[in-house]
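# Secondary and tertiary structure notes
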Amino acid sequence: MNDTLGLVSAFLGGAIVGAAAAVLFAPEKGEELRERICGILRKNGVVCSEKEVDALVARLTKELDEE
């Protein structure tokens, strides 16, 4: 019984540490990243709307998922 309790405790501890690390090291939010992409494109002379960036991200995501 103690071995099982120890194993469950270790698993839960690892899950908590992993979740905390994921939050700390996660990239920026999708909305912020899309705004940043739009800003970079505008600086380089490419005029785009947020809808166009959303469509581009969806297309790229689909292509990556197909690979």
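Let me begin by describing the structure that accompanies this report.

Parameters and conventions
- Residues numbered from 1 in each chain as written.
- Predicted model: local features only at pLDDT ≥ 70, side-chain atom pairs only at ≥ 80, totals over all residues.
- Heavy atoms only, no water.
- Patch = residues over 30% accessible without salt bridge, like charges linked within 9 Å, V, L, I, M, F, W, Y side chains within 5 Å.
- Areas by Shrake-Rupley, 256 points an atom, 1.4 Å probe, with all protein chains shown as cover.
- Salt bridge = Lys/Arg side-chain N within 4 Å of Asp/Glu carboxyl O.
- Lys, Arg positive; Asp, Glu negative; His and termini not counted.
- Charge placed at Lys NZ, Arg CZ, Asp CG, Glu CD.
- Helix = DSSP H or I, 4+ residues; strand = E, 2+ residues; numbered from the N terminus.
- Buried < 20%, exposed > 50% of the residue type's maximum accessible area, 1.4 Å probe, protein only.
- Expected span 1.5 Å × (residues − 1).
- Axes fitted to C-alpha atoms, helices over the stretch in contact; angles between N-to-C directions.
- Parallel < 35°, antiparallel > 145°, perpendicular 65-115°, else oblique.
- Contact = heavy atoms within 4.5 Å.
- Nonpolar A, V, L, I, M, F, W, Y, C, P; charged D, E, K, R; others polar.

## Regarding a negative patch on the surface
On the surface, a cluster of negative charge is contributed by Glu31, Glu32, Glu35 and Glu50. The dominant element in the negative patch, judged by the number of residues it contributes, is helix H2 (residues 30–43), at 3 residues. The topology assignment puts Glu32 in helix H2. The class for Glu32 is partly exposed, based on a relative accessible area of 38%.

## Details of the pattern of salt bridges
Once the charged atoms of two side chains with opposite charge are near each other, the side chains can pair. This structure, assessed with the given rule, holds 1 salt bridge. Between Glu63 and Arg59 there is a salt bridge; the shortest N-O distance is 3.3 Å. Taken together, the residues Glu63 and Arg59, both in helix H3 (residues 50–66) and 4 residues apart, mark about one turn of the helix. Of the residues examined, Glu63 reaches a relative accessible area of 38% and is grouped as partly exposed. Classification of Arg59 as exposed rests on a relative accessible area of 54%.

## Here's the deal with H2
Taking 1.5 Å as the rise per residue, H2 with 14 residues should run 20 Å; its terminal C-alpha atoms sit 20 Å apart, in good agreement. In the segment just after H2, Gly45 is the residue with positive phi, at about 85°.

## So, the packing of H2 against H3
Contact pair H2 / H3: the axes reach a minimum separation of 10 Å and the direction vectors enclose 110°. As the angle between them shows, H2 and H3 are arranged roughly perpendicular. Facing Arg34, Ile37 and Cys38 of H2, the residues of H3 in contact are Glu50, Val53, Asp54 and Val57. Its residues placed into classes, the contact of H2 with H3 shows 4 nonpolar, no polar and 3 charged.

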